[in-house]
Amino acid sequence: RPGGPEVRDLAGRRVVVSAGGTREPLDPVRYLGNRSSGRQGVALAARAAARGAEVVLVAAHLEVPAPTGVRVVDVGDARELRAAVLAERTGADAVVMAAAVADFRPAQVTTAKIKKDPATQDAPVVALVRNPDVLAELAADAPEGQVVVGFAAETGDEDGDVLAHGRAKLARKGCDLLVVNDVGGGAVFGRDESTVVLLGRDGSERTVGPAPKELVADAVWDAVGERLGRG
Ligand code: CTP
Ligand code: CA
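Residues numbered from 1 in each chain as written. Chains lettered and ligands numbered in written order. Predicted model: local features only at pLDDT ≥ 70, side-chain atom pairs only at ≥ 80, totals over all residues. Heavy atoms only, no water.

Is there a simple way to explain the packing of helix H1 (residues 39–50) against helix H5 (residues 213–230) in this structure?
A pair of packed helices can be characterised by two numbers: the angle between their axes and the separation between those axes. Taken N-terminus to C-terminus, the directions of H1 and H5 make an angle of 60°; their axes are 8 Å apart at the nearest point. Taken together, the axis directions place H1 and H5 in an arrangement best described as oblique. The interaxial crossing formed by H1 with H5 has right-handed handedness. Contacts between H1 and H5 involve Arg39, Gln40, Ala43, Leu44, Arg47 and Ala48 on the former and, on the latter, Lys213, Glu214, Val216, Ala217, Asp218, Val220 and Trp221. Taken together, the residues of the contact of H1 with H5 sort by class into 7 nonpolar, 1 polar and 5 charged. (Axes fitted to C-alpha atoms, helices over the stretch in contact; angles between N-to-C directions. Helix = DSSP H or I, 4+ residues; strand = E, 2+ residues; numbered from the N terminus. Parallel < 35°, antiparallel > 145°, perpendicular 65-115°, else oblique. Left-handed = near helix turned anticlockwise from the far one by under 90°. Contact = heavy atoms within 4.5 Å. Nonpolar A, V, L, I, M, F, W, Y, C, P; charged D, E, K, R; others polar.)

The structure is reproduced here in structure tokens:
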């Protein structure tokens with residue numbers, strides 16, 4: 001299996017990885033955010049660089065340091081992330097969307113800080129609007145041969161188990177690979193180990209872990225490499 005420290009199987013390849021979690025501003029001091037630490041995306045960027053790729057890391061509020069040897073483009077909210085990823089994907093062999101992109105953002109961003117009314121117990125109602133789906137957009141017009149990878153944290157529910165949800169999401173997004181994480185136990189965010197299933201558009205299915213995020217990252221690049229080889 002490729003992926004050892006000395007294997008430079010991604011030499012000459014250019015890859016884009018998004019990592020972290022977007023923050024959607026509400027007023028000058030507040031935002032809607034999520035618990036993504038950026039660890040998996042950072043591990044993906046680090047392993048791609050170690051395997052010889054030229055790496056662009058589109059970073060949204062990482063809680064961990066970015067690896068050395070990668071180019072970092074910092075972004076704040078989902079629309080900034082979209083713009084950065086779409087600009088960087090040109091000429092890329094692979095784009096991996098490990099970032100947690102907010103599905104919604106506040107419809108209004110006030111220029112002044114939202115204040116309590118001291119006379120009442122009233123609370124504001126925050127209206128939300130949908131953010132663009134970056135992964136679906138990437139997959140819809142990917143250049144020939146570019147491998148597009150998504151991540152999905154899923155839980156089983158009355159509509160289906162984790163893999164059923166993952167398969168449906170893969171089809172909906174139209175990407176080449178979907179890395180599905182079972183978060184039913186709630187023990188994934190900010191942790192160093194995870195178990196994932198790599199679902200391929202070609203019907204393939206591979207379980208990885210429980211394993212450190214570096215090993216998950218190597219498995220993702222192995223799967224990407226196989227698909228690049230086919231192109
Ligand atoms: N994603 C994206 N743009 C969004 C939301 C998600 O590019 N606005 C990407 C994520 O980076 C991830 C993949 O889509 O790679 C799946 O994210 P997920 O939140 O699981 O998918 P959603 O389509 O938002 O579905 P859900 O309603 O389950 O949140
Ligand atoms: Ca979502």
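So, next bit.
Honestly, the UniProt feature "binding site: CTP" (unreviewed entry) in the protein in this entry has me stumped. Any pointers?
Here, UniProt's "binding site: CTP" (unreviewed entry) annotation points to Asp103, Lys113, Pro132, Asp133, Val134, Leu135, Phe151, Lys169 and Lys173. A maximum C-alpha distance of 37.7 Å is found for the annotated residues, which run over 71 residues; spatially they are spread out rather than grouped. Lining the largest pocket, from the residues named above, are Asp103, Pro132, Asp133, Val134, Leu135, Phe151, Lys169 and Lys173. By secondary structure assignment, the location of Leu135 is in helix H3 (residues 134–140). Given the relative accessible area of 6%, Leu135 is considered buried. For Leu135, the residues in contact, after removing those within four places along its chain, are Met97, Val148, Val149, Gly150, Lys173 and Cys175. Locating Phe151 in the fold gives a position in strand S9 (residues 147–154). With a relative accessible area of 22%, Phe151 lands in the partly exposed category. (UniProt positions renumbered as here; feature names shortened; annotations may be inferred. 1 Å grid on protein atoms, 1.4 Å probe; cavity = no way out; pocket = protein on both sides within 12 Å on 5 of 7 lines; lining within 4 Å. Buried < 20%, exposed > 50% of the residue type's maximum accessible area, 1.4 Å probe, protein only.)

It is not clear to me how the layout of surface pockets should be interpreted in this structure. Could you clarify?
Sizing a probe to match a water molecule and rolling it over the atoms shows the empty space that remains. Within this model, the largest pocket holds a volume of roughly 1200 Å³. Along the wall of the largest pocket there are 43 residues; nearest its centre are Ala99, Ala100, Val101, Asp103 and Phe151. Of all the elements in the fold, those that place two or more residues in the lining of the largest pocket are strand S1 (14–20), H1, strand S8 (128–130), H3, S9, helix H4 (162–173) and strand S10 (177–182). Sort the elements by how many residues they give to the lining of the largest pocket and S9 lands first, with 4 residues. Split into classes, the residues belonging to the lining of the largest pocket amount to 22 nonpolar, 12 polar and 9 charged. Counted as a void, the second largest pocket has a volume near 380 Å³. Together, 21 residues line the second largest pocket, and Gly145, Gln146, Val147, Asp176 and Arg201 are the ones closest to its centre. Breaking the lining of the second largest pocket down by element, the ones donating at least two residues are H3, S9 and H5. Residues of the lining of the second largest pocket, tallied by class, amount to 9 nonpolar, 4 polar and 8 charged. (Points joined across faces, edges and corners; volume = space filled by probe spheres on them.)

Got a minute to help me understand the coordination of the calcium ion (ligand 2) in this structure?
Surrounding the calcium ion (ligand 2) are the protein donor atoms Asp103 (OD) and Asp103 (OD), at 2.4 to 2.5 Å. Summarising the element assignment, Asp103 is placed in the loop between strand S6 (94–97) and strand S7 (104–106). (Donors = N, O, S within 2.8 Å, 3.2 Å for Na, K, Ca; no water.)

Help me understand the environment of Asp161 in this model?
Position of Asp161 relative to the elements: it lies in the loop between S9 and H4. In sequence terms Asp161 and Asp182 are 21 residues apart; their C-alpha atoms lie 9.6 Å from each other. Engagement of the side chain of Asp161 in a polar contact is seen with the backbone nitrogen of Ala164, the distance being 2.8 Å. (Polar contact = N/O pair within 3.5 Å; in protein donor to acceptor, adjacent residues only side chain to side chain.)

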